Amino acid sequence: MAISGSPSDPLYNRLLSTKGIYTVFDFLVAALSAERLTALDISLSRPYQHLNALLSAAHHLSSDGIIKPSCIKTLRLGYESYDGETEMEQANPVELRTQSDAAPLLELFSECHSLEHLFLNLPTVCWQGERNTQALRKLLQNKHDLSFLTVSFSTVYGSGNMIEVLSDCLAPNIASKTLCKLSIFGLMDIVQKDVSQLQLSLQASGLICERFSARTNRRGMWDVMVMSNRRAIVGEAVTDAFKDFQLQEIMIKRHGSEKCPKCHFACTAYKITSHASPHHGRWLVECIHANARDLGGHTWRLVPGPME
């Protein structure tokens, strides 16, 4: 676990190898008690006891209500799990349920009304449940200066309300054009309409979607792997990734059931983006075994676009 902050001080650049709550608690109290603390970075990695110690310390501080950090402008809470998530799931289930709730940690920083940069990357188990959803709402509400937000939900399922929380809490920042960048990772089971509405509001505010990846699950909902929006530079020629994704969905529905008559493999429909291709900008349906120079009887053909 690494704790760093601003103003700079040896206290804020310490690497903790302890797994116990007391050392983490003492360092966290000392950091949050510092005057004019404007930036705080807490980065954790395996083993999972480091994360549990931090969450337990936050629980005690939230319960006491004595320390309420309010001057922080940049907050980063990151957990690099590697295969640690599997390790956590193999831990004692009772201990995991009581110590992996992220709500106290999120609520601890909810009084930071001057937040400008916020980065959250916590394992799946920390986001599950209505309490954590409401804690995220509390953290994001009334943060009128928030300009940069990154949230990694680590592929958490059953939390469709998270997109509603993000849309509601960020609405003032989007409308005032304060929000400059929004990145969301691993948010599963989302209603397509909710994602589209958020994207429309971001677009109206002058933000462009530079990365978007999702898939339709068995329930007909979207599993959003990445959704990254940023403010466009004046005069910048950009392609909206969300619009391209929507067009791709239309083409998949139109040609998704098609199979190659030679090998019987499913065909793929996509837009040719290579500027080196004479067919740049056209749509193509092809078999995985097809080669434009030597088709060998496999499917490879240009098709009308989604709006044609």
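Structure report, in brief. (Residues numbered from 1 in each chain as written. Predicted model: local features only at pLDDT ≥ 70, side-chain atom pairs only at ≥ 80, totals over all residues. Heavy atoms only, no water.)

## As for the packing of helix 8 (residues 192-204) against helix 9 (residues 241-255)
This is how it is decided: Convention adopted: a line fitted to C-alpha atoms gives each axis, helices being fitted over their contacting stretch, and angles between N-to-C directions are expressed from 0 to 180 degrees. Every helix listed is a DSSP run of H or I at least four residues long, and every strand listed is a run of E at least two residues long, numbered separately from the N terminus. Crossing handedness follows the turn of the near helix against the far one: under a right angle anticlockwise gives a left-handed crossing, and clockwise gives a right-handed one. The contact criterion used is simple: two residues touch if any of their non-hydrogen atoms lie within 4.5 Å.
Across the interface, helix 8 lies against helix 9 with an axial gap of 11 Å and an inter-helix angle of 145 degrees. For the pair helix 8 and helix 9, the crossing hand works out as left-handed. Touching V195, S196, Q199 and Q203 of helix 8 are F242, K243 and Q246, all from helix 9.

## Here we look at the packing of aromatic side chains
Rules: Only the six-membered ring of Trp is used, alongside the rings of Phe and Tyr, when aromatic pairs are assigned; centres must lie within 6.5 Å, and planes under 30 degrees apart are stacked while those over 60 apart are edge-to-face, with the rest tilted. Whether a charge sits over a ring depends on NZ of Lys or CZ of Arg being within 6 Å of the ring centre and within 35 degrees of the ring normal.
Across all of its chains, the model carries six aromatic pairs by this definition. Taken together, the ring pairs in this structure connect F212, W222, F242 and F245 into an aromatic cluster. In this structure, R76 packs its charged tip against the face of F119, placed 3.8 Å from the ring centre.

## Section: the packing of helix 7 (residues 161-175) against helix 8
Stated precisely, the cut-off is as follows: With respect to orientation, any angle under 35 degrees is reported as roughly parallel, any angle over 145 as roughly antiparallel, any angle of 65 to 115 as roughly perpendicular, and every other angle as oblique. Under the scheme applied here, ten amino acids are nonpolar (Ala, Val, Leu, Ile, Met, Phe, Trp, Tyr, Cys and Pro), four are charged (Asp, Glu, Lys and Arg), and all others, including Gly, are polar.
Where helix 7 contacts helix 8, the axes come no closer than 11 Å and their chain directions differ by 10 degrees. It follows from the interaxial angle that helix 7 and helix 8 lie roughly parallel. Between helix 7 and helix 8 lies a crossing of left-handed hand. Contact residues: helix 7 offers I163, S167 and I174, while helix 8 offers D194, L198, S201 and L202. Taken together, the residues that form the contact of helix 7 with helix 8 break down as four nonpolar, two polar and one charged.

## Focus: the nonpolar core
Threshold: Nonpolar cores are built from buried Ala, Val, Leu, Ile, Met, Phe, Trp, Tyr and Cys residues. Side-chain atoms within 4.5 Å join them into one set. Throughout, exposure labels follow a simple rule: accessible area from a 1.4 Å probe, protein chains only, divided by the maximum for the residue type, with under 20% read as buried, over 50% as exposed, and the rest as partly exposed.
Formed by 67 residues in total, the largest nonpolar core has its most connected members in L32, F109 and F212. The greatest single-element share of this core, amounting to eight residues, is contributed by helix 2 (residues 48-64). When residues no more than four places from it in sequence are discounted, the contact partners of F212 are V195, Q199, W222, V224, V226, M227, A241, F242 and F245. Judged by nonpolar contacts, the second largest core, of nine residues, contains M251, C260, A269 and V303.

## A closer look at the sheet that holds strand 10 (residues 268-271)
The cut-off we apply is this: By definition, two strands form a pair when at least two bridges between them are found by DSSP.
Pairing within the open sheet is antiparallel, and its three strands lie in the order 10-11-12. Here the strands that pair on one side only, and so sit at the sheet edges, are strand 10 and strand 12 (300-303). Adjacent strand axes in the sheet meet at a mean angle of 25 degrees, parallel and antiparallel pairs treated alike. Across four bridges, the pairing between strand 11 (residues 283-286) and strand 12 is antiparallel. In the strand pairing of strand 12, V285 is matched with R301. The strands touched by helix 9 within the sheet are strand 10, strand 11 and strand 12, with strand 10 carrying the most contacts at an inclination of about 150 degrees.

## Overview of the side chain of N173
The cut-off we apply is this: Any pair of N or O atoms that falls within 3.5 Å is considered a polar contact. Within protein, one atom must be able to donate a hydrogen and the other to accept it, and sequence-neighbouring residues count only if both atoms are side-chain atoms.
Looking at where N173 falls in the secondary structure, it is placed in helix 7. Of note is the side chain of N173, whose polar atom sits 2.7 Å from the backbone oxygen of K143. Setting aside residues up to four positions removed in sequence, N173 forms contacts with K143, H144, D145, L146, T178 and L179.

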